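Chain and residue survey
One-letter residues, chain by chain:
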Amino acid sequence: MERKHIGALALVLFVLLFKVNIFTVIADQDEDIPHNEVRNWALKFGVDLWEFGRQFTKMNEIKNRFKDNDIEVKRKDGIILLRELAAEVKNFMDFKRNAVMRIMDSAEQAALSELDSQNSHSTSATTNNQHYDARRINEYNSDGKLADGARHMDIRFMRRFERLPVNLSLSSILVPNGISLDEADVKSALQWSVHLDPLFQNNLERDPALSWQYFGSSTGFLRRFPGTAWPPEGSKGSKQIHDFRAQNWFVQAASSPKDIMILLDSSSSMSDKSFELAMATAFNILDTLGENDFVNLITFAEDVKTPVPCFKDRIVRATPDNVQEIKSAVKAIKLQDTANFTAGLEYAFSLLHKYNQSGEGSQCNQAIMLITESTSETHSDIIKQYNWPHMPVRIFTYLIGSDSSSRSNLHEMACSNKGFFVQINDMDDAKKKVIDYALVMARPMIMYQADHPVHWSPVFVAGKTGGLARDSDYQRRLVTTVSAPVFDGRNHSVRVANLLGVVGTDVPIEEIRKMIPQHKLGPNGYSFIVDNNGRVLYHPDLRPLSDGNQYIDQLRPRYTSVDLTELELPETEVGNEHEIVEMNKNLLYDMRNDMLMPKEGETEFTVFNHFDDMKRVTARTQRYFYGPIEDTPFTLAVVLPEKYGSHELVSQQEIRHSRRNVTEFFKGDNWRVNPDWVYCEYNSVSDLEKERESSGEYLSASREQELSFGSPEEQVLHFLGRAGRPGWKWMSVRPKSPQPHHAMHGATPVAHFAQHLNNVQGSRKAEPYFCDRTLVQSLVRDAMVTDGLDRNSTGPSNGKEDKQQGYQKFLVATSFVATRSGLLRWIDHIKRPEDSPEPHFSEDNARAMDMPWYKRAVDQHTVEQDSFVYSVPFATGFAPKLNTTLVTASHAIFVEHRGHKAIAAVVGLQFQLDSLAKHFINITSTCTGMTGCRRTCASDDLDCYVLDNNGFVIISEQSEQSGKFFGQIDGTIMDSLVQDRIYKRVTVNDYQGVCSDSDNPYTAASTSLQPHRISAWLMKHFVTLGATWLAMLPTPLRAWPQDDYTYNEDVFEEPTYTDEYEPFEDYNAQIDEEMDEFFTTADVENTTPPPKQHKPHTGPRASPDPQHARRCDLRTDLYMLQPERLNQGGQNNPLKGKLTNCHVSGCERPFSVQKIPHSNLILLVVDTLCPCGSKQLDIEPLEESGTIGACSARRQTQESAKRRRPKKCINYHPEEIEIQQCGRATALLQMPLSIVMAHLLMLAVTFALTNA
């Protein structure tokens, strides 16, 4: 009985609900759609295309030519390959680090020697103008004469240096806004740092792969080598650069990791202008922080409040995303009530103490940044309770305005707690003076004079790339910076610890990737590097935010911070197999943790790979091999596809044994090599010049232009011509880096720099050039195999028949072959109009192995070996002329040897879409059966489509639909195909999405409340009176005096600590009981409303301009064909479906689906008589709904991810308390009594511990 009720209910649902019935056709012809004809049409169409493509591309001849030579299919050992590549990267990075350390040594010695010379001789007037001010280089009047104050510099355009004109012997001085080169301390630093030019030059001679080298002085100028004018040609920037002292490469090298609590006064006592200055100060502090730092900002009035709700009771990593989140939240602050300093300080101390005791945070420096307009006391009681006698937390105070009583109080608060006091009067002060805190934190490191920690910055987008590719003029390169601090070792009359500055060099990522040749990884193989925080240095899917040209215009990097888990997307759509979903995720996170430890290992899991701007997706199982790059914070990973990545084809042509001149295989202009691969290259321009001079070749370079090759092909031919000569040496091993740098403090005076400048041991310039022998000889073999294909024919003996069935049938525009060695050959079968707006095939496809048609063809081989992958440009139906739209077809050639196969090449062709469509119509307009058929695709009541494996329309009766996603045309049918597992719907997340910052969690909140007070005029009166009184005070003390003092550097040992961050178990936990006892306010409240729930908008997304762009999480549904569903049981029969109850008339809408053999295509035939409604499906990425920004669940999970601390933490020196300088804009000439008391107490504690 129960079964009858269930059956009845099922029947009702069957009638009422919209449903789809699909079943396999076994025999009889259906009256609605001729299913057997659909099968025959698809079979004939697929076979025609396969035979045509097979003959036209000459794939069999190419395969046979490879087999006719000595070949081997060799198995790759992933771990051995990883170790080999990691050693190459380490060697490369050693050169960069050693170059920086040599500059550091020279800078410290130069400063010492310059002081001695100043003491013994008076400074001459000529020494003041030894520098080249980049703002005044080659500045001429209209009459052609050098302008007053300008200097001439001989310059040449150099590819390596962002294609800028430079001088390889001299440096130039770049100056931020507000820095004067006439100040005494600036002049002094300019004078001694000029001695760095020979060292810069010598570094470049040792390692011609060096990029920009520089010394950033703490006084505010940047000495940059090689010398060049500023602003660069074509730049819209001003003559001033952004203040580099606030940038990551400077601040992070100058100080150890830190936990920062920013206390921002948000009481109604703050004036409008003061709060704007206070916010600017806080923002500038935030901008100085890096990935190794932790931070939070709280506001205090009557209550303590956390602007970002999910940051409550926490300090978070100072990632760009978190910093931006704090800034956005602070802009919504409302000013109210009176300032409760005690509550703010108690909260900050308690939270920092909690992190210090729990092993969280940086476990190094800790500091409170207090920003206020006024305070009536020094809050000594609360400070003594929490911070004395050991002072684990430094206090930095920022006085907004010039309140005299507040200045004295804030000054004592800073000086009593190893901090610094700063007075902020305008926006320039807010930019320039915040860096003082980093110089103070550097004091222990400077006082030890023992260690110079090396820092590697996050990656950023710099200037133009230096490659030979034809698109290099429009490409910008990714760069990281390696830097180290420079200490003042001079003796002064009072105790100081001065940071002279930071030295560094840029390291282009393109140079690092040269150490990891793509040909060793193979098709769809790749590599990536992560740092100690899990952030990628490079990855094939890394897409940095646009910087709006701020680097080119201001020399201001916009650092990129993307976690590994945001780039590798584990497969999460595997039906109901929940365990597999979780396993993929866990394997990714386990790998990340291993890489951060770091340790060597391997793993395997399935990920989603996307193509074509995230419009296509495929699932690929990949093998990951990973291990540390020794003596760096980085770990390298090598990724190989599981199905075909473990084998490679070894087929080389020994050039010296070739009977012919190998350059004969590279005739004509219808070939390209991958412009990013290193076949052979000279180590420097001078090496190229010497070679050409010795060969008697004409040097075509002008004085203003470097001698260089015009293209990668010219460079290859140059070396191939020399490789066949007697005495040729391959030089395939790169020079090894020198021994690790050893400090030479006091060992080499400036006068004797030449003794080690000319020592070329360990130089990358040991040989004039480098050649990848394996790659070059593979290239020659590939050229021999593919040579002459345009002259030979493998088609039928009847040439006219072949032409009729081939070229004329499908109107081929271009045929091509791309090999494993990076060689691309093509043949143009239709003369291309000279005025064609479309680029030639070779212009966009020189990097063939990176192209979707190459990648997809290799993947397709694992699905159906004898097949082509077909694609058309997206939405090509909107093209003005359909006959200009080209179909691209590609096929992967695998060569087999002793039971193993490896990729040799990908062949393909491009032909006109309208010719393909005509052939399709010819086939589908006729009946192939003996009994005839009632309907064909020519009938008005049938619509026929050819769809690719991602659901895009290749052919439609309505030509404007070609290139569109089929779900936009008929989402109801597309849904049906998904329900029956013909297509699989896959949700793909893009964690590097770009959205407008006009739509963020805090836009609902109002801007800062600016209260109007009755006593406003009285406050202004007192401020004016105080400023007048301050102007009458004696001249302020210099923050960093240059007087003599003596110091013994060998007394102390630096502290050490563990190097792993343990994740917080619960970031939403309330403050513990011990902390709760400290509070005098109720509880910490939120200033802003909770983040709003985001509702995705509809319609196409427009990319915001860089000034208003923010990172966001996007998601989209993409589709993958499931070909096994169409080949069940080995039968090649169509699947038929029927839409029922989709119209009030009760009519039905049948359709038929058939796999097109030898392709990635399906044939879909749909009945149109029933006017069923059709919804639309979209693949346009939309922002994730729900909570967005830092408080989203994903970002919260990421916040707790594992990290590895930097190896060095230098945050304490027992004699630091003797340093008196702790403030700017103050005339206090004596130490406060509190400092004396603290000093005596610290000495007593030190004595007791020493004698314990």
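Report on the accompanying structure. (Residues numbered from 1 in each chain as written. Predicted model: local features only at pLDDT ≥ 70, side-chain atom pairs only at ≥ 80, totals over all residues. Heavy atoms only, no water.)

1. Overview of the overall build of the chain
- Helix and strand counts for the chain come out as 34 helices and 44 strands.
- The buried share of the chain, reckoned over its 1252 residues, is 57%.
- In the chain, of all internal contacts separated by at least 6 residues, the share reaching a separation of at least 24 is 78%.
- When the accessible surface of the chain is totalled, it reaches about 52,800 Å², and 50% of it is carbon and sulfur. (Helix = DSSP H or I, 4+ residues; strand = E, 2+ residues; numbered from the N terminus. Buried < 20%, exposed > 50% of the residue type's maximum accessible area, 1.4 Å probe, protein only. Contact = heavy atoms within 4.5 Å. Areas by Shrake-Rupley, 256 points an atom, 1.4 Å probe, with all protein chains shown as cover.)

2. Topic: the nonpolar core
- In terms of nonpolar packing, the biggest core is built from 106 residues, with Met93, Ile512, Phe528, Ile529, Met591 and Leu636 touching the most fellow members.
- Broken down by element, the residue count for this core peaks at 16 residues, all from helix α4 (residues 78-120).
- Both domain 2 (82-118 + 128-249 + 462-509) and domain 4 (516-645) contribute no fewer than three residues apiece to this core.
- Setting aside residues no more than four positions away along its own chain, methionine 93 makes contact with Trp456, Ile512, Leu537, Ile629, Thr632 and Phe634. (Core = buried A, V, L, I, M, F, W, Y, C linked by side-chain atoms within 4.5 Å. Domains from an automatic or database assignment.)

3. What to know about the environment of asparagine 138
- Among the secondary structure elements, asparagine 138 is positioned in the loop between α4 and β3 (156-158).
- Side chain to side chain, asparagine 138 and histidine 152 meet in a polar contact 3.3 Å long. (Polar contact = N/O pair within 3.5 Å; in protein donor to acceptor, adjacent residues only side chain to side chain.)

4. Here we look at the environment of leucine 181
- Looking at the secondary structure, you find leucine 181 in the loop between β5 (172-174) and α5 (184-193).
- A sequence separation of 40 residues divides leucine 181 from phenylalanine 221, and the C-alpha atoms of the two residues are 7.9 Å apart.
- With near-sequence residues (within four places) excluded, leucine 181 lies in contact with His131, Asp133, Arg135, Ile173, Val175, Val186, Lys187, Leu190 and Phe221.

5. Overview of the side chain of lysine 418
- Its location among the elements puts lysine 418 in the loop between α12 (404-415) and β14 (420-424).
- Of the side chains with opposite charge, glutamate 1216 comes closest to the buried, unpaired lysine 418, at an N-O distance of 4.3 Å. (Lys, Arg positive; Asp, Glu negative; His and termini not counted. Salt bridge = Lys/Arg side-chain N within 4 Å of Asp/Glu carboxyl O.)

6. Thoughts on the state of the cysteines
- Per the stated rule, a full pass over the model turns up 7 disulfides.
- Bridging cysteine 364 to cysteine 1209, the disulfide has an S-S length of 2.0 Å. Every disulfide takes its handedness from the sign of the S-S torsion; for cysteine 364 and cysteine 1209 that torsion is 100 degrees, giving right-handed. With a gap of 845 residues between them, cysteine 364 in the loop between α10 (341-358) and β12 (365-372) and cysteine 1209 in the loop between β44 (1203-1204) and α34 (1233-1250) connect regions that are remote in the sequence. For the pair shown, cysteine 364 and cysteine 1209 are each scored as buried.
- One disulfide in the model links cysteine 1147 with cysteine 1170; its S-S distance is 1.8 Å. Disulfide cysteine 1147-cysteine 1170: torsion about the S-S bond near 65 degrees, hence right-handed. A residue pair is termed long-range when its members are at least 10 positions apart, and cysteine 1147 in the loop between β39 (1135-1140) and β40 (1149-1155) and cysteine 1170 in the loop between β41 (1162-1167) and β42 (1182-1183) qualify at 23 residues. (Disulfide = S-S within 2.5 Å.)

7. So, helix α8 (residues 272-287)
- Between its first and last C-alpha atoms α8 spans 23 Å; for 16 residues at 1.5 Å apiece the expected length is 22 Å, and the two agree.
- Among the 16 residues of α8, 12 are classified as buried, and the element is accordingly described as predominantly covered. (Expected span 1.5 Å × (residues − 1).)

8. Considerations on the side chain of histidine 519
- Here histidine 519 is to be found in helix α17 (residues 518-521).
- Side-chain polar atoms of histidine 519 contact the side chain of aspartate 772, separated by 3.0 Å.
- Setting aside its immediate chain neighbours within four residues, histidine 519 contacts Glu648, Trp677, Asp772, Thr774, Leu775 and Arg820.

9. Some details on the pairing of strand β21 (residues 601-611)
- Counting buried residues along β21, 8 of its 11 residues qualify, which places the element largely inside the surrounding structure.
- Of the pairings in the sheet, the one linking β21 to strand β22 (residues 616-628) comprises 11 bridges and is antiparallel in character. Across the sheet, the residue bridging to threonine 606 is threonine 621, located in β22.
- In this antiparallel pair of consecutive strands, β21 and β22, the connection spans 4 residues, and aspartate 612 shows a positive phi of 50 degrees. (Pairing = 2+ DSSP bridges.)

10. A closer look at the packing of aromatic side chains
- Scanning the model with the defined rule gives 38 aromatic pairs in all.
- Centroid distance tryptophan 728 to tryptophan 730: 5.6 Å. Interplanar angle 85 degrees. Geometry classified as edge-to-face. The same class applies to tryptophan 728 as to tryptophan 730, namely buried.
- Clustering of aromatic rings is evident, with ring pairs tying together Tyr682, Phe719, Trp728, Trp730 and Tyr769.
- Positioned over the ring face of tryptophan 212 is arginine 224, at 3.7 Å from the centre of the ring.
- Over the aromatic face of phenylalanine 874 sits the side chain of lysine 615, whose NZ or CZ is 5.2 Å from the ring centroid. (Phe/Tyr/Trp six-rings, centres within 6.5 Å; stacked < 30°, edge-to-face > 60°. Lys NZ or Arg CZ within 6 Å of the ring centre and 35° of its normal.)

11. Thoughts on the sheet that holds β22
- Taken in spatial order, the 5 strands of this open sheet run β20-β19-β23-β22-β21, and their pairing is antiparallel. The open sheet has two edge strands with one neighbour each: β20 (536-538) and β21. On average, each strand axis in the sheet is tilted by 35 degrees relative to the strand beside it, whichever way the strands run.
- Note: β22 against strand β23 (residues 635-641), 7 bridges, orientation antiparallel. (Axes fitted to C-alpha atoms, helices over the stretch in contact; angles between N-to-C directions.)

12. Brief notes about the packing of helix α2 (residues 35-57) against helix α28 (residues 913-924)
- The N-to-C vectors of α2 and α28 enclose an angle of 145 degrees; their axes lie 9 Å apart at closest approach. Where α2 crosses over α28, the two elements pack in a sense that is right-handed. Within the contact between the two elements, α2 uses Trp41, Lys44, Phe45, Asp48 and Leu49 and α28 uses Leu916, His919, Phe920, Ile923 and Thr924.
- Taken together, the residues of the contact of α2 with α28 sort by class into 6 nonpolar, 2 polar and 2 charged. (Left-handed = near helix turned anticlockwise from the far one by under 90°. Nonpolar A, V, L, I, M, F, W, Y, C, P; charged D, E, K, R; others polar.)

13. Here's the deal with unusual backbone geometry
- Looking along the chain, the bond that leaves phenylalanine 225 and enters proline 226 is cis, with omega of 0 degrees.
- The residue proline 226 is located in the loop between β7 (222-225) and α7 (248-254) in this model.
- Looking along the chain, the bond that leaves tryptophan 388 and enters proline 389 is cis, with omega of 5 degrees.
- Along the chain, proline 389 turns up in the loop between α11 (380-387) and β13 (394-400).
- You will see that glutamine 363, though not glycine, has its phi angle at about 55 degrees, which is positive.
- Note that glutamine 363 resides in the loop between α10 and β12.
- Look at glutamine 363 and you get partly exposed, because its relative accessible area is 22%.

14. Quick word on the sheet that holds strand β28 (residues 812-819)
- Strands sit in the order β25-β29-β28-β32-β31-β30 across an open sheet of 6 strands; the sheet is antiparallel. Of all strands in the sheet, those bounded by a partner on one side alone are β25 (671-673) and β30 (869-871). Put simply, the sheet's adjacent strands are angled 20 degrees from each other on average, direction ignored.
- Pairing of β30 with strand β31 (residues 886-897), which is carried by 3 bridges, proceeds in the antiparallel orientation. Bridge pairing in β31 places valine 869 opposite serine 890.
- Against the sheet, α2 touches β28, β30, β31 and β32 (900-912), its axis set at about 105 degrees to β32.
- Across the face of the sheet, helix α23 (residues 773-786) comes into contact with β25, β28 and β29 (823-828) while running at roughly 20 degrees to β29.

15. Focus on the pattern of salt bridges
- Tallied over the entire structure, the rule returns 56 salt bridges.
- For arginine 394, the salt bridge is made with glutamate 1216, and the minimal N-O distance between the two is 2.6 Å. Here the residue arginine 394 occupies a position in strand β13, and glutamate 1216 occupies one in the loop between β44 and α34, the gap between them amounting to 822 residues.
- Given a relative accessible area of 3%, arginine 394 falls into the buried group.
- For aspartate 859, the salt bridge goes to arginine 620, with nearest N and O atoms at 2.7 Å. Pair noted here: aspartate 859 is in helix α27 (residues 852-861) and arginine 620 is in strand β22, with a separation of 239 residues, a long-range link. In terms of burial, aspartate 859 and arginine 620 fall into one category: buried.

16. A closer look at helix α3 (residues 59-68)
- Listed in full, the buried residues belonging to α3 are Met59, Glu61, Ile62, Arg65 and Phe66. Buried residues of α3, viewed axially, fall in a sector of 165 degrees; they line one side.
- Next to the buried residues of α3 lie α2, β24 (647-650), α23, β28, β31 and β32. (Arc of directions from axis to C-beta.)

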